[in-house]
Structure formats: structure tokens, C-alpha cells
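# Examining the three-dimensional arrangement
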Amino acid sequence: MHPATDGLTIPDPIPDASIFQPAPWVAPSSEQLPFLRRRLHEHYTTIAAEGAQQGRTGQVARAAAVESEDREVRRYARDEAGRLKNASLTWVDHEAIEMAVTYSSTPSTEPASPDRMPSMTGFMLFESCIGGALYDAARAQDLPGSGWTPAPWLYDVSGYVEAPIVAISWSRLPPPHEDRVQLSFYTPNRPPHWDGLPPDTFVAQWAATKTRYSAGYFADHVRTVSARMSPMPVLATFTATLQFGELLPEPDANHCAGWVQTVYGLWQLLDHKVKKPLTHTDVIAAPRSVTRGDARAGIIATIDVNIVRVHPRFRTKDLPPDDGEDNADHDTSDNSRRSPHYRHRYWRGPYRANMCMNTWGHSEGNCEHKEVPVGRHLRGPVGAPFRERVTELRGSPARNSGTGQPKP
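Note that this is a predicted model, so its numbers are computed, not measured. (Residues numbered from 1 in each chain as written. Predicted model: local features only at pLDDT ≥ 70, side-chain atom pairs only at ≥ 80, totals over all residues. Heavy atoms only, no water.)

What follows is about the confidence of the model for the protein chain. Model confidence for the protein chain is summarised by a mean pLDDT of 78, while 72% of its residues fall at 70 or above. Averaged pLDDT values for the elements of the protein chain fall to 56 in strand β17 (residues 405–406) and rise to 98 in strand β2 (residues 121–126). Confidence over residues 53–66 falls short of pLDDT 50; this stretch has 43 contacts with residues more than four positions distant or in other chains. (pLDDT = per-residue confidence, 0-100. Helix = DSSP H or I, 4+ residues; strand = E, 2+ residues; numbered from the N terminus. Contact = heavy atoms within 4.5 Å.)

Next up, the structure:
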């Protein structure tokens with residue numbers, strides 16, 4: 001299929017955005033994480049050195065709009081390659097992500113602290129997404145470069161296409177900004193769903209020549225490029241900065257703020273070092289051949305992978321309706337005003353508890369408070385009837401991607 005200036009059609013009726021929705025996210029296994037880190041490091045190192053402009057999919061060469069954009073792309077790629085070079089590796093399973101999302105549904109009241117960070121620099125891959133950005137159909141097609149103009153009918157498509165957040169990288173900024181941490185949010189690198197349209201559908205126009213291109217042309221081009229090169233499974237798309245000593249941003253219109261809340265909540269769960277931790281971390285070592293390959297690529301960080309799962313005592317599927325322990329928070333006094341008189345047992349949590357760390361100075365206001373994660377637990381008297389509460393978890397992505405800082 002080749003571009004043509006005429007003979008292309010417009011869909012009638014206009015489809016909704018569901019035909020452009022990519023396949024669900026399937027995370028690479030934890031054993032593949034060192035190889036994924038190496039590929040991403042090489043990818044961003046190449047961009048930093050050559051200034052190669054690429055679209056968000058990283059599959060089609062992108063024409064530079066202006067010289068300043070090229071410099072910005074090089075700078076960001078250099079920073080991201082530096083983060084990956086020194087990053088500790090973490091793979092987080094679905095149930096731990098679900099716990100972090102539930103736990104972070106209430107915004108944190110704790111000033112951001114560097115002590116919560118699992119490491120100074122890191123890369124985390126999620127088995128399921130922590131949220132997502134919604135794009136309208138015209139923007140979701142991710143055309144190969146800034147010189148393209150979407151077909152007018154794409155702006156009339158109803159609905160949105162979601163780009164889920166499935167990985168993050170982070171690092172503390174160098175002086176004089178060492179009180180901040182830079183976060184990069186990764187989305188799946190999936191090709192546009194051109195096959196959902198008839199091949200002769202008009203989808204874009206090259207602004208310089210006014211040449212119109214069809215859905216079949218782009219579908220063939222993506223297949224050709226994919227056969228020639230192996231695209232990155234994920235790419236950094238959004239960035240955010242976390243300021244230590246200040247409260248986390250409220251997850252309002254800025255969808256990046258909601259993701260920051262979830263990431264910081266996950267860090268709090270990992271930092272919960274008590275007798276009954278909420279999460280369990282296994283460490284797997286990669287083969288020596290991987291170590292040698294990373295050394296040749298210039299990666300100096302360890303290739304051990306931390307696998308984070310919910311601790312068995314807090315796993316949803318392992319929790320019985322009645323565990324036989326009186327671990328409920330209840331009061332048997334009918335006159336109690338501080339605690340309700342529970343007549344049922346039900347699951348509660350996880351949630352944040354603001355605790356005083358040095359109570360001796362609490363009365364004088366000379367104390368330190370810290371948020372402590374509380375795991376999922378039963379409340380109510382032992383032997384009381386069990387009441388099931390169904391909670392539906394929903395993300396709160398913004399309806400446009402302009403509130404964040406998208407990166408190539």
C-alpha cells in the first residue's frame with residue numbers, strides 16, 4: 001500500500017475509540033528484567049549520542065521539528081540512560097500493586113522523605129498498571145513525526161484510548177537539587193491499531209507536501225519495521241519531580257500526581273519493617289553471562305532482581321472468613337462513643353495510620369509523626385456473622401495528556 005493523494009475514504013459512520021485500544025498489558029517475567037534494562041539503556045544511550053528523533057513507539061524515525069527539541073530529547077535520553085545504568089531492579093506482582101493502589105487511595109499526609117526510597121536510583125516493572133493517561137483518538141495514533149496532521153474525522157471519534165503506566169525509574173537529582181527525585185513513568189510500547197480500519201481509510205497528511213496517507217500504508221510500515229527490529233516493550237513517556245520535605249501533590253487534574261501518590265505509597269509499604277511486614281521480597285540473581293553483558297554495555301548496577309509480593313498472611317486468596325483470632329478493633333460497651341459496637345465481622349484496609357513516634361513529647365507538641373501502613377485485617381467480634389464488602393478499584397487518569405510532561 002502506497003500513499004495516494006486521492007481515492008482514500010472516510011469511515012461512515014465514524015467508529016468509536018474502542019477500535020484503537022491496544023491489547024491488554026502483559027508484563028515480561030522477572031527473569032527478563034535485566035535484559036529489558038539493558039535494551040532500554042542502549043536505546044536511550046543511542047538517542048543521547050546520535051540525537052535520533054523517535055516517536056513514542058520508538059518504531060518509526062521521527063523528523064526533528066526544531067533544534068531545541070533535539071537538544072531536549074538528547075538531554076532527557078542522557079539522563080534516563082544514566083538512571084538505568086545505576087538502577088536497582090524490582091518486579092512487583094499484581095496483588096502488591098492492588099494493595100498499593102488501595103492504600104494510596106487516601107492521599108498521603110506525610111512530607112516526602114528520602115528514607116522511603118527503596119534505593120537512591122531504581123527501575124520498577126509492574127505486573128499490572130498503577131493508572132493511565134487517556135488520549136483522544138487523534139492523539140492516540142502516535143503518528144511517526146511532528147510533520148503529520150491527523151485526518152479531520154479522527155477528531156470526531158468518541159471515547160478515549162488509555163496508555164497504562166506499567167513501570168517507573170527514579171533517581172535523586174545532582175546538587176544543588178539533591179532534595180528532589182526525578183520520576184519517569186513508562187507506558188507499553190505498542191504499535192497503533194491500524195488494522196482496525198479499512199486499508200483505504202484516510203488517516204493522516206504530511207504537512208510539507210500535503211500528501212495523504214492511508215491506514216493500510218501505516219499498517220504495512222509498522223509491520224515492516226517490527227520485522228526488521230525488535231521494538232522496546234516499554235518507553236518512558238511522562239516525568240514528574242518529587243520534592244522532599246513537602247507534601248505530595250494532590251491527585252487533582254494532574255494525573256502524574258496520582259501516580260506519584262501510588263508510587264510513594266508502594267515505597268511506604270516496602271519500608272514497613274515490622275514484625276508483620278505487609279510485603280515479602282525475594283531476590284534472584286541473574287546468570288554470570290548477564291553480568292558480563294551488562295559490563296560490556298556500561299551498566300554498573302547490580303543485576304539482582306527484587307521480586308515484591310504481598311506477604312502470605314495478607315494475600316486476599318489466603319485470608320479465611322474467620323481466622324479464629326480476636327484481632328478485631330471493637331468495644332463491647334453499648335455506651336462507648338469512641339468505638340462502635342460491631343455486630344459483624346468484615347475486612348478493613350489497607351490504609352494509612354498517622355502515628356506518633358515519640359509520645360513523650362506529644363503533649364508539648366515536640367514529637368514526630370509518621371505514616372504507618374496498616375494491612376488488610378478483620379474487624380468485629382469473634383464468632384459474629386461475616387459481612388462481605390465489595391470494593392471496586394478504579395484509577396483516576398486525566399482525560400488528556402497535557403497535564404503531565406510527556407517524553408519520547
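On we go from here.
Let's shift gears to unusual backbone geometry. Omega for the bond connecting D12 with P13 falls within 30 degrees of zero, at 5°, which places this linkage in the cis form. Residue position: P13 is located in the segment before α1 (33–50). P176 follows P175 through a cis peptide bond whose omega is 5°. On the secondary structure map, P176 appears in the loop between β6 (167–172) and β7 (180–188). One non-glycine residue, K210, lies in positive phi territory at about 65°.

Where two aromatic rings form a pair, the distance of their centres and the angle of their planes describe that pair. Evaluated as defined, the whole model comprises eight aromatic pairs. Aromatic side chains F123 and Y186 sit 5.3 Å apart centroid to centroid with 85° between the ring planes, which places their arrangement in the edge-to-face category. Linking F123 in strand β2 with Y186 in strand β7, this pair joins segments that are 63 residues apart in sequence. Overall, Y186 belongs to the buried group, its relative accessible area being 0%. Aromatic rings pair up to connect W170, Y264 and W267 into one cluster. (Phe/Tyr/Trp six-rings, centres within 6.5 Å; stacked < 30°, edge-to-face > 60°. Buried < 20%, exposed > 50% of the residue type's maximum accessible area, 1.4 Å probe, protein only.)

All right, on to the pattern of salt bridges then. Counted according to the given criterion, the structure contains eight salt bridges. Of the charged contacts, one joins D294 and R37 as a salt bridge, the two residues approaching to 3.8 Å between their closest N and O atoms. In this pair, D294 is assigned in helix α7 (residues 288–297) and R37 in helix α1, connecting sequence segments 257 residues apart. In this structure, D294 and R37 share a single accessibility class: buried. For R75, the salt bridge is made with D79, and the minimal N-O distance between the two is 2.9 Å. Of this pair, R75 and D79 both sit in helix α2 (residues 67–86), four residues apart, which is roughly one turn of that helix. Overall, D79 belongs to the partly exposed group, its relative accessible area being 31%. Within this structure, R37, R38 and D294 form a network of salt bridges that share partners. (Salt bridge = Lys/Arg side-chain N within 4 Å of Asp/Glu carboxyl O.)

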